[in-house]
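One letter stands for each residue in the lines below.
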Amino acid sequence: MKFKLIEKGNPSQPSAPKKWYPNAVNVGKLTVKDLAKEIAGRSSLTRGDIENVLSNFLDELPTFLKIGMSVQLGDFGTLRLNLSGEGAETPSAFKSETITAKVIFTPSTELKKGLTEIKYNPA
């Protein structure tokens, strides 16, 4: 995995000296089509079969997240929605229009274990 170093200050201590931190370098994107092709090479299913399943999964995922379900994906991990919004002085003063949703991914223990052997290279 390639990384570059970024100098950052501590926002809670603006006068403290800045430090250098690693930042992952994105080396490209993997599309659903690319992923389906890779999986098809290890499966008896065709790329089209796999792409169809992945596309249908992506079509259905928002439906379940929007009703408040977390979606557990086996040894991959779990997806759920997290909400934030502007605070209000009282419950009756709260405006639901200020709510924003963010998808949270929690990797499984198995996925985390699979990422322990990463070789890091400066970009």
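Attention here is on the structure that accompanies the text. (Residues numbered from 1 in each chain as written. Predicted model: local features only at pLDDT ≥ 70, side-chain atom pairs only at ≥ 80, totals over all residues. Heavy atoms only, no water.)

1. Digging into the overall build of the chain
Next up, step 1: The secondary structure content of the chain amounts to 3 helices and 6 strands.
Next up, step 2: For the chain, the C-alpha radius of gyration of 20 Å lies well beyond 14 Å, the compact-globule estimate for 123 residues.
Next up, step 3: In terms of principal-axis extent, the alpha carbons of the chain reach across some 55 × 45 × 25 Å.
Next up, step 4: A burial count over the chain gives 9% of its 123 residues as buried.
Next up, step 5: Across the chain, the fraction of contacts at a sequence separation of at least 24, relative to all contacts at a separation of at least 6, is 30%.
Next up, step 6: Computing the positive centroid from 17 side-chain charges and the negative centroid from 13, the chain places the two 8 Å apart. (Helix = DSSP H or I, 4+ residues; strand = E, 2+ residues; numbered from the N terminus. Rg over C-alpha atoms; globule rule 2.2 N^0.38 Å. Buried < 20%, exposed > 50% of the residue type's maximum accessible area, 1.4 Å probe, protein only. Contact = heavy atoms within 4.5 Å. Lys, Arg positive; Asp, Glu negative; His and termini not counted. Charge placed at Lys NZ, Arg CZ, Asp CG, Glu CD.)

2. Considering a nonpolar patch on the surface
Next up, step 1: Judged by side-chain polarity, Leu81, Leu83, Phe94, Ile99 and Val103 come together as a nonpolar surface patch covering roughly 410 Å² of accessible area.
Next up, step 2: Tracing the backbone through its elements, the reader meets phenylalanine 94 in the loop between β4 (77–84) and β5 (100–107).
Next up, step 3: Classification of phenylalanine 94 by relative accessible area gives partly exposed; the value is 36%. (Patch = residues over 30% accessible without salt bridge, like charges linked within 9 Å, V, L, I, M, F, W, Y side chains within 5 Å. Areas by Shrake-Rupley, 256 points an atom, 1.4 Å probe, with all protein chains shown as cover. Salt bridge = Lys/Arg side-chain N within 4 Å of Asp/Glu carboxyl O.)

3. Looking at the sheet that holds β5
Backbone-to-backbone hydrogen bonds pair the strands of a sheet. The strands run either parallel or antiparallel.
Next up, step 1: The 3 strands are arranged β3-β4-β5 in an open sheet whose pairing can be described as antiparallel. Pairing within the sheet leaves two strands with one partner each, and these edge strands are β3 (71–72) and β5.
Next up, step 2: Sheet topology note: the β4/β5 ladder contains 8 bridges and is antiparallel. The residue of β5 that forms the bridge with arginine 80 is isoleucine 104. (Pairing = 2+ DSSP bridges.)

4. As for helix α2 (residues 47–66)
Next up, step 1: Spanning 20 residues, α2 covers 29 Å between terminal C-alpha atoms, matching the ideal 28 Å at 1.5 Å per step.
Next up, step 2: Residue glutamate 60 marks the point of greatest curvature in α2, where the axis turns by about 30°; the proline proline 62 follows within four residues.
Next up, step 3: Among the residues making up α2, those that are buried are Ile50, Leu54, Leu61 and Leu65.
Next up, step 4: Looking at the packing, one finds that the buried side of α2 touches α1 (32–40), β3, β4 and β5.
Next up, step 5: In the stretch just after α2, glycine 68 is the one whose phi turns positive, near 100°. (Expected span 1.5 Å × (residues − 1). Bend = angle between axes of the 7 residues up to and from the residue.)

5. As for the pattern of salt bridges
Next up, step 1: Counted by the stated rule, this structure contains 1 salt bridge.
Next up, step 2: For glutamate 51, the salt bridge goes to arginine 47, with nearest N and O atoms at 2.4 Å. Linking glutamate 51 with arginine 47, this pair stays in helix α2, spanning 4 residues, or about one helical turn.

6. A look at the packing of aromatic side chains
Next up, step 1: A full pass over the atoms with the stated rule returns 1 aromatic pair.
Next up, step 2: On the numbers, 4.8 Å between centres and 35° between planes, the contact of phenylalanine 76 with phenylalanine 105 is tilted. With phenylalanine 76 in the loop between β3 and β4 and phenylalanine 105 in strand β5, this pair connects stretches of sequence that are 29 residues apart. (Phe/Tyr/Trp six-rings, centres within 6.5 Å; stacked < 30°, edge-to-face > 60°.)

7. Examining the pairing of β4
On a regular strand, one side chain projects to one face of the sheet and the next to the other, so that they alternate.
Next up, step 1: Note: β3 against β4, 2 bridges, orientation antiparallel. Following the sheet pairing, glutamine 72 is matched in β4 by threonine 78.
Next up, step 2: In sequence, β3 turns back onto β4 through a hairpin of 4 residues, with glycine 74 there showing a positive phi of about 55°.

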